[in-house]
Each structure stands twice: as structure tokens, then as C-alpha cells.
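The residues making up each chain are set out below.
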Amino acid sequence: MISISGGDNPHKIVILNPKGGCGKTTLATNLASVFALRGARPTLIDCDPHGFSMGWLQKRPENRPSIYGLRGYTSDPGIAASPRLEVPNDSSIVIVDLPAAIPHETLHAYTYLADSLLIPIQPSEIDVYTATRFIAELLLDVRLDRNERRLAIVANRVRSRTKSYQMLVRFLSSLKIPMIAALRDSQVFMHAAAQGIGIAEMPAHKIRNDIPQINAVVSWLDKRRAAIHHMQQRQAMIEQVAYGYAESRGFQGGDPANDWIEAEREVDSRLGESASVN
Ligand SMILES: Nc1ncnc2c1ncn2[C@@H]1O[C@H](COP(=O)(O)OP(=O)(O)OP(=O)(O)O)[C@@H](O)[C@H]1O
Ligand SMILES: [Mg+2]
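Structure report, in brief. (Residues numbered from 1 in each chain as written. Chains lettered and ligands numbered in written order. Predicted model: local features only at pLDDT ≥ 70, side-chain atom pairs only at ≥ 80, totals over all residues.)

Re the overall build of the chain
The number of helices and strands found in the chain is nine helices and nine strands. Along the longest, intermediate and shortest principal axes, the C-alpha atoms of the chain span 65 × 45 × 40 Å. Sorting the 278 residues of the chain into buried and exposed places 34% on the buried side. When contacts within the chain are restricted to residue pairs at least 6 apart in sequence, those whose partners lie at least 24 apart make up 78%. (Helix = DSSP H or I, 4+ residues; strand = E, 2+ residues; numbered from the N terminus. Buried ≥ 20, exposed ≤ 12 C-beta atoms within 10 Å, placed from the backbone. Contact = placed C-beta atoms within 7 Å.)

Description of the packing of helix α1 (residues 24–37) against helix α8 (residues 211–248)
Contact geometry of α1 with α8 gives a least axis separation of 11 Å together with a crossing angle of 75°. Considering the angle they form, α1 stands roughly perpendicular to α8. Here Asn30, Leu31 and Val34 of α1 come into contact with α8, specifically with Ile214, Val217 and Val218. Its residues assigned to classes, the contact of α1 with α8 shows five nonpolar, one polar and no charged. (Axes fitted to C-alpha atoms, helices over the stretch in contact; angles between N-to-C directions. Parallel < 35°, antiparallel > 145°, perpendicular 65-115°, else oblique. Nonpolar A, V, L, I, M, F, W, Y, C, P; charged D, E, K, R; others polar.)

Focus on the site of ligand 1
Taken together, 19 residues form the shell around ligand 1, and within it Gly20, Lys24, Thr25, Thr26 and Ala100 come nearest. Secondary-structure elements contributing two or more residues to the shell around ligand 1 are α1, β8 (151–158) and α6 (187–195). Considering only residue class, the shell around ligand 1 consists of eight nonpolar, seven polar and four charged. (Near = placed C-beta within 6 Å.)

Here's the deal with the pairing of β8
Counting buried positions along β8 yields seven of eight residues, so the element is predominantly enclosed. Here strand β7 (residues 116–121) runs beside β8; their pairing, made up of five bridges, is parallel. In the sheet register, isoleucine 121 faces β8, and the bridge partner there is alanine 155. As a crossover connection, the stretch from β7 through helix α4 (residues 125–140) into β8 is right-handed. In terms of strand pairing, β8 meets strand β9 (residues 179–184) through four bridges, oriented parallel. In the sheet register, alanine 155 faces β9, and the bridge partner there is alanine 182. With helix α5 (residues 163–175) bridging β8 and its parallel neighbour β9, the resulting β-α-β unit is right-handed. (Pairing = 2+ DSSP bridges. Right-handed = clockwise from strand over helix to strand, strands pointing away.)

Just distances and angles here, no functional claims.
Below, the structure written as C-alpha cells:
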């Protein structure tokens, strides 16, 4: 069991793909940089014993907006992952950078706790093939429900509309998994990584062609966050209304399951009315 607790009701974003070098750390550090610029005080959890995300943080200049760093791995070779991670209180985003090689239980645990899952994929034949198998494993074995819309793909190091890129697009559309951005193969990612910054912190003229794609990922994550907030609010209202029904009967008799169904109906109609007013 792995738990991430604390923080300011943080949005937990997990970046995963068993294919080495597909861009997990690049995506994780660039997202951390954008959220830091927005003042979200992100926490970057590095689960890779190679510690590339931690190394990036160490290089980060002191005058840049701060990002918290946590090690998600242990120095004990018998234990693959730190079981309990405590996020600083003012951090409202958690980004988990998973390594390529990851034990099955750790993958399960992180998939389970994630609010949003991002899989960077390079559109080469071998990478698309590996990703196909991995996504199938997530859907079947880890029992990730596609309808929850927690999962999205970020194509990475896209050179042009190559055959393998088209193959990736076709494969994803057949699975109804969104591809939310396509990052170009661009030197700016390496230059930013070398300085402990994200591309969003580089001069505008250097990132003109690349930043819109990072922003597309952020915009998808913002929508996810809003949807999660709405779901949590709905749930809390239903609990309150159902409790109210039982209370009005002096907690005598009645059927809690019916109360719940009735409360769902009432809350959805209230939410529907307020949506149509707004
Ligand atoms: N869009 C890109 N354009 C150019 N270079 C890139 C891009 N994305 C990643 N890279 C480079 O590719 C290399 C591997 O990327 P990265 O470390 O992010 O992959 P990873 O999936 O985290 O690898 P690992 O599985 O080893 O953790 C790095 O040198 C990185 O700078
Ligand atoms: Mg990495």
C-alpha cells in the first residue's frame, strides 16, 4: 500500500510508461515548472532510484518559483517504493515521476491513487507496440475504467506526421483514449532540463512552437481538476441530503438505499437548475 497524504487537497498526477526514455521525467519537470509559475507550489515525487527529477530540482536556480521534492523510492533494495509520502500543506499539485521498471504492486498502487494519469509515448513502431501492451494491461489487469477519463496520452518527440504517428493516433482513437498534446522533438527540452527549469521559464521566442503543447496538457489537467471538484461536491451534497431524510424520520425505519437514490435525484436536479441559471 502506498499513500500520499497532506497538501492542499492536491491534484495527484501520475506519469507512467514502462518504456525507458519516452519522456516521463521531461513531462513531469515541465508540468512542475508551469504549476510553480502559477503559484501552486507543486510537489514533484521522484520514484526513480536514478533520481533524475531530484537532480533537476537540485539544479533549479534559487530565484525560480519553488517546487517541493520528495523521494518516492527507498535505499532498501527489498522495498521498491516509499509507502507513505507526506506532501507539504500548501502544495496543491502532486506530480509523480515513475521509473520505467516498476513492480506490478507499485504500478497498481499509483494507478489507484492517481486523479490523472499521463502516458508519454514516442511515435516509433516499437514504442507504440510497447504502449499498446501497457495500456491493455492497465485496462484489463489493473482494471482502470476508461469511463472515468483519468487517462490521457501525450505524444512526445514527434518529428512529423510519420506512419508510426498515424498508427498511434488510430490505435488511441479505437480505444477512445484522448491524445491531448504532441510535443515536438526539440532541443529546448534538453536545454531547460540542463538548467533545472521548464521550457515555460525560457525566453518566449525560443519556445513559441513548443509551449502551446505543454499548455494543452495543463489545460486538460485543469479540466480534470474542475470535474473532480464537481464530483466531490455532488457526493458531499448527496450525503447531507440523505442524512437529512433519515434525521427527519428521527432515524426510525425507512430504507437507507432509497434515501440515497432519492438524495441523488434531488441533488442532480438542484445542480441542473444552478447550471442552467449560470
Ligand atoms: N520532446 C523532446 N525533445 C527532445 N528531447 C527530448 C524530448 N523529450 C525527452 N527528451 C530527451 O530524451 C531523454 C529521455 O527523456 P526522459 O528522461 O524524460 O525520459 P524518461 O521516460 O523519464 O526515461 P526513463 O524511463 O529512463 O525514466 C532526455 O535526454 C530528454 O532530454
Ligand atoms: Mg525518467
